[in-house]
Amino acid sequence: MARVRVDSLRKEYDVGTVVAVDDLDLEIEDGEFVTVVGPSGCGKTTTLRMLAGLEEPTDGRIEIGGEDVTDVHAKNRDVAMVFQNYALYPHKTVFENMEFGLRMSTDLEEKERRQRVVETAEMMDIEELLEDRPDELSGGQKQRVALGRAIVREPDVFLFDEPLSNLDAKLRTSMRAEIQRLQDELGITSVYVTHDQHEAMTMGDRIVILNDGKLQQQGEPTEVYENPANEFVAGFIGSPSMNFIDVDVERTGDSLRLVGAEGGFAFDLSTSFLADRGVDLESSRYTLGIRPEKVSIADAGADNSLTATIDVVEPVGSDNYLHLDLGAEFIARVGTDVDLEPGDQVTLTFDEADIHLFDAETGRNVF
Ligand code: ADP
Ligand code: MG
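An unreviewed UniProt entry annotates the chain as ABC-type D-xylose/L-arabinose transporter originating from Halopiger aswanensis. Annotation of the chain in UniProt includes, under Function (unreviewed entry), the sentence "Part of the ABC transporter complex XacGHIJK involved in the uptake of xylose and arabinose. Responsible for energy coupling to the transport system."

*Asks:* Looking at this model, I keep getting lost on unusual backbone geometry. Mind explaining?
*Replies:* Note the cis peptide between Ser239 and Pro240, where omega equals -5°. For Pro240, the location among the structural elements is in the loop between helix H8 (231-236) and strand S11 (243-252). In this structure, Val15 is a non-glycine residue whose phi angle is positive, near 45°. The phi angle at Asn304 is positive, at roughly 45°, despite the residue not being glycine. Relative to the assigned elements, Asn304 resides in the loop between strand S15 (296-297) and strand S16 (305-315).

*Asks:* Would you take a moment to explain the UniProt feature "domain: ABC transporter" (unreviewed entry) in the chain for this structure?
*Replies:* With numbering matched to this structure, UniProt assigns "domain: ABC transporter" (unreviewed entry) to residues 4-237. With 36% helix and 26% strand, residues 4-237 has end C-alpha atoms that lie 25 Å from one another.

*Asks:* What's the story with the domain arrangement of the chain in this structure? I'm lost.
*Replies:* Domain annotation of the chain identifies domain 1 (4-236) and domain 2 (243-359). Computed over C-alpha atoms, the centres of domain 1 and domain 2 are 40 Å apart. At the interface, five residues of domain 1 touch five residues of domain 2. Split by residue class, the side of domain 1 that touches domain 2 holds two nonpolar, two polar and one charged.

*Asks:* Whenever I open this one, the packing of helix H2 (residues 94-105) against helix H3 (residues 110-123) confuses me. Can you help?
*Replies:* Axis angle and axis distance: for two packed helices, these are the angle between their axes and the distance between the axes, and together they describe the pair. At their nearest, the axes of H2 and H3 sit 10 Å apart, and the two run at 125° to each other. Accordingly, the angle class assigned to the pair H2 and H3 is oblique. As H2 runs across H3, the sense of the crossing is right-handed. In contact with Phe95, Met98, Glu99, Leu102 and Arg103 of H2, H3 contributes Arg113, Arg116, Val117, Thr120 and Ala121.

*Asks:* Even after reading the chapter, I still don't get the nonpolar core, so can you show me in this structure?
*Replies:* When a protein is soluble and globular, its nonpolar side chains tend to lie buried together. In terms of nonpolar packing, the biggest core is built from 85 residues, with Val4, Leu51, Val157, Leu159, Val191, Ile209 and Leu288 touching the most fellow members. Of all the elements, helix H4 (residues 139-151) adds the most residues to this core, at five residues. Of the domains in this structure, domain 1 (4-236) and domain 2 (243-359) are the two that each give at least three residues to this core. The contacts of Val4, once residues within four sequence positions are left out, are Ile28, Leu51, Ile64, Val157, Thr189 and Val191.

Analysis parameters
Residues numbered from 1 in each chain as written. Chains lettered and ligands numbered in written order. Predicted model: local features only at pLDDT ≥ 70, side-chain atom pairs only at ≥ 80, totals over all residues. UniProt positions renumbered as here; feature names shortened; annotations may be inferred. Helix = DSSP H or I, 4+ residues; strand = E, 2+ residues; numbered from the N terminus. Domains from an automatic or database assignment. Contact = placed C-beta atoms within 7 Å. Nonpolar A, V, L, I, M, F, W, Y, C, P; charged D, E, K, R; others polar. Axes fitted to C-alpha atoms, helices over the stretch in contact; angles between N-to-C directions. Parallel < 35°, antiparallel > 145°, perpendicular 65-115°, else oblique. Left-handed = near helix turned anticlockwise from the far one by under 90°. Core = buried A, V, L, I, M, F, W, Y, C linked by C-beta atoms within 7 Å. Buried ≥ 20, exposed ≤ 12 C-beta atoms within 10 Å, placed from the backbone.

Right, dumping it as structure tokens:
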């Protein structure tokens, strides 16, 4: 088990024309399960490969278990990586696949290696498959073998690179639970990369959000959901995504009014609310963010409301999603008891406490 620390980690490709990882700082506690999430190309795999020693950093430092491993060869780092495509040796049996890494990374006797493989196979429920070759296995079985191969080594750190992406939705859900259970039992520090924010939110003790090679925010899932550091995080975390409306701030005496840049919307912020949050807004452009579940239906003409035409009513069982066109798409999650159809006008409102406001230029969270 080990703590992982990354300081100003940087990776450039193609003589600096691609900055895959841009001065990343991270600290992962001993035994912690951290998920790293971001869109395709944001630098997740490159980060993991540098942790594993498969890619040399352009700059920065990596520490595992208090030891500087930046220049330590992959085979001398006590980490095990699990890949999306399983990366099993096709000509080796399941037993041989699991035993091989153990032979490379430890000096255990053959008898002990065999015992460790069999015990791990039992834990992973793959003991029946030990004599099979990868092409005889289903996708789910291959992934169990790949996990088993990582676990059998009892590494200091697990690195997972989108390990469940090739599995169907149901299997993915059960494997998520299983990986968490195993990690919990083994207590091995884990870094789990995924592009799926739902997976990242449900699995991580802590979630790290990357975009364009840069750290956007890290924190507990609920903290990141409730207090996104910027507009990117706000839009990336949560499904359906947070709604955004361009607004201008207008001062009238002491009070502040948010006015929709496209018209059709005005919202007065109370002075007590602004005092509580300690914000004093300039008269300029902002982006208002409001989550679909925080929007409710109001009477036509109500204060602090907006009115728009419904494009689509999407029933999702427990709720209906109303899709509206407000310049950008806007989604309201409402109950199934409301009788609304495409083409109907609807008036919506929300509480000032649920509003997020972002600087229109920098995307930084104002409140
Ligand atoms: P992710 O795993 O988040 O999808 P990657 O770490 O694979 O992202 O890639 C980050 C960026 O680095 C992307 O722009 C990708 O095209 C680029 N990249 C990755 N590997 C290489 C490479 N070997 N040579 C050049 N560019 C690369
Ligand atoms: Mg990747």
